[in-house]
Structures are given as C-alpha cells and as structure tokens.
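Architecture at a glance
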Amino acid sequence: MNTQWILDIYVPIISIVFIIAVTLYIVRVLKGPTIPDMVLSIDCLGYDLAVFIGLLSLYYGTSFLIIGSLMIALWAFIFDVYVSKYFIKKELGE
Amino acid sequence: MLIIEEIVLGLGVVFITIGAICDLLASIGLNKFPNFYVRMHAATIGTIGGAVIPLIGVGLIALISDQLGTYKYMVFGVSIITALLIMIASPTGTHILANAAHKAKLAPVQPKVVDKLEEAEEK
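Residues numbered from 1 in each chain as written. Chains lettered and ligands numbered in written order. Predicted model: local features only at pLDDT ≥ 70, side-chain atom pairs only at ≥ 80, totals over all residues. Heavy atoms only, no water.

We now examine the state of the cysteines. As used here, a disulfide is simply a covalent bond connecting the sulfur atoms of two cysteines. By the definition in use, this model includes zero disulfides over all chains. With no disulfide of its own, Cys44 of chain A has Cys22 of chain B as its nearest cysteine by sulfur position, at a separation of 12 Å. (Disulfide = S-S within 2.5 Å.)

Next comes the structure, spelled out in structure tokens:
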C-alpha cells in the first residue's frame, strides 16, 4: 500500500506542531536560569529532533535518515552523562 | 487493499498525533513550571510521550509504506529500537542530571516545603 498520499497531507501539519514545540524548548534554553534547565531542554530537543527525522525519512521515502535519528537519541543521553559528571567531579573521565 | 494495512496506518497516524500533542504540552509545561525539579515532570512527558510513542507510530507506518521498498523493514526495526533506547536512556539521563544538580547545588529548590535529601546529607 502506498502511503505517500497521507504523508503528503499529514507531515506538513504535524511539522508545524513540532516547530512550535522546538521554539518553546529553545525559549527555555535561552531563558533557563540554571545550567541543568538548559541541559534538560536540550535533551528534550534532541529526542524531538530524532522523531522529526524519523518522520522525514518516511516522507521522503529514504531509509538512510532513520540511522541519524538513532544517533541523535543516543547523543542526547551521552550529553546528560557528561554534563552531570562534569558538575560533580569537574573532570570528564577521558 | 488489505484491511490490516488500513488499521496499521490509522494506528501509526494516531500514535504520531498523540506524540505531537504530548510534545506541545511538555514544551508549554517546561516553560511554566517554577523550578528545575518540577520541570523534570514536564521533561518526561516530552521524552516518553513525545518521542517514544511517535517513533513507534513511525515504525508502524514504515511497515506498510511500499515506497520504501524492501528497506521498510529496516526503518521499522531501527525506529522501534530507537524508541526502546529512548525509553531506557531518558529516565536514567534525567536522574543523573537531577542528582548532579542537587549535589552541586546548581538548581535552587525554590518553593520548598521540605528537602529530605538535604537533611540526609547534613547528617
């Protein structure tokens, strides 16, 4: 079944909602009083971007983009680990 | 036009819509809550409801979309694995972050009634 007809209608509408969510996250990153607030909203931003890239990989019908969304999701987790390790131990353990 | 494909398509679209709504609510919540620890409640809505569920929806739609050819099974597998990894990684990530923020005293517990962890640390 070719799902291109519903993706052409559906993905632009959903991308508007995603763009509003991303701008609100960016507002929190800029406004965030403390550093953990920024890290938290960058975290949510990363996972949100992973979903959006997954959606685009459906929309454009290519299978290469979905690997990028996996990498972004893993990067968002590693970002938390490094930042919190730096908060406590002031070194990154390289 | 198998009926099962219509059902799977509808299910995928519903999952992605739920994800988009959860994401919107989480981003509004992230801006409106008073301090860092309360904002983490909104962050989990944003990560689990806003990232895991739509990725499952993307996987479901990929399963029946023929324009991907034989790669549709790969897109399905990778999106389900990404959803699973986010389900595992995001709570641990935010937990580590909260522990570091509290221990390094970076995020003030502003509207505070009682902070048991602080009392336990003083002992």
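Picking up where we left off.
With that settled, consider the packing of aromatic side chains. All names here are of chain A. Scanning the entire structure with this criterion turns up four aromatic pairs over all chains. Seen in terms of ring centroids, Phe18 and Phe52 are 5.8 Å apart; in terms of plane orientation they differ by 50°. Their pairing is tilted. Residue Phe18 is located in helix H1 (residues 4-31), and its partner Phe52 is located in helix H2 (residues 35-60); the two are separated by 34 residues in the primary sequence. On the accessibility criterion, Phe52 (21% relative accessible area) is partly exposed. Taking the centre distance of 5.2 Å and the plane angle of 65° together, the rings of Tyr59 and Tyr60 count as edge-to-face. What makes Tyr60 exposed here is its relative accessible area of 55%. (Phe/Tyr/Trp six-rings, centres within 6.5 Å; stacked < 30°, edge-to-face > 60°. Helix = DSSP H or I, 4+ residues; strand = E, 2+ residues; numbered from the N terminus. Buried < 20%, exposed > 50% of the residue type's maximum accessible area, 1.4 Å probe, protein only.)

For the structure shown, the criterion picks out two salt bridges over all chains. Of the charged contacts, one joins Arg39 of chain B and Asp37 of chain A as a salt bridge, the two residues approaching to 2.7 Å between their closest N and O atoms. Pair noted here: Arg39 of chain B is in helix H2 (residues 36-64) and Asp37 of chain A is in helix H2, and the two residues belong to different chains. Both residues of the pair, Arg39 of chain B and Asp37 of chain A, count as buried. Between Asp66 of chain B and Lys72 of chain B there is a salt bridge whose closest N-O contact spans 3.1 Å. Classification of Lys72 of chain B as buried rests on a relative accessible area of 12%. (Salt bridge = Lys/Arg side-chain N within 4 Å of Asp/Glu carboxyl O.)

All names here are of chain B. Note that Ile88 resides in helix H3 (residues 72-103). Residue Ile88 is classed as exposed on the basis of its relative accessible area, which comes to 55%. A C-alpha to C-alpha distance of 19 Å links Ile88 and Phe15, two positions 73 residues apart in sequence.

At a minimum axis distance of 9 Å, the contact between H2 of chain A and H2 of chain B shows a crossing angle of 10°. With respect to H2 of chain B, the axis of H2 of chain A lies roughly parallel. Residues Pro36, Asp37, Leu40, Cys44, Tyr47, Val51, Gly54, Leu55 and Leu58 of chain A of H2 of chain A form the contact with H2 of chain B, whose participating residues are Phe36, Arg39, Met40, Ala43, Thr47, Gly50, Ala51, Pro54, Leu55, Val58, Ile61 and Ala62 of chain B. Its residues assigned to classes, the contact of H2 of chain A with H2 of chain B shows 16 nonpolar, three polar and two charged. (Axes fitted to C-alpha atoms, helices over the stretch in contact; angles between N-to-C directions. Parallel < 35°, antiparallel > 145°, perpendicular 65-115°, else oblique. Contact = heavy atoms within 4.5 Å. Nonpolar A, V, L, I, M, F, W, Y, C, P; charged D, E, K, R; others polar.)

In this assembly, 49 residues from chain A lie in contact with 56 residues from chain B. With both sides pooled, the region where chain A packs onto chain B buries about 4,400 Å², and carbon together with sulfur makes up 76% of that total. Counting the contacts that link chain A with chain B gives one salt bridge. Along the contact surface separating chain A from chain B lie nine residue pairs in polar contact (both at pLDDT 80 or more). When residues of the side of chain A that touches chain B are traced back to their parent elements, those giving at least two are H1, H2 and helix H3 (65-89) of chain A. Ranked by residues supplied to the side of chain A that touches chain B, first place goes to H1 of chain A with 15 residues. Here the residues of the side of chain A that touches chain B sort into 31 nonpolar, 12 polar and six charged. (Buried area = accessible area lost by both parts, 1.4 Å probe. Polar contact = N/O pair within 3.5 Å; in protein donor to acceptor, adjacent residues only side chain to side chain.)

Everything listed is a geometric property; what it means functionally is a separate question.
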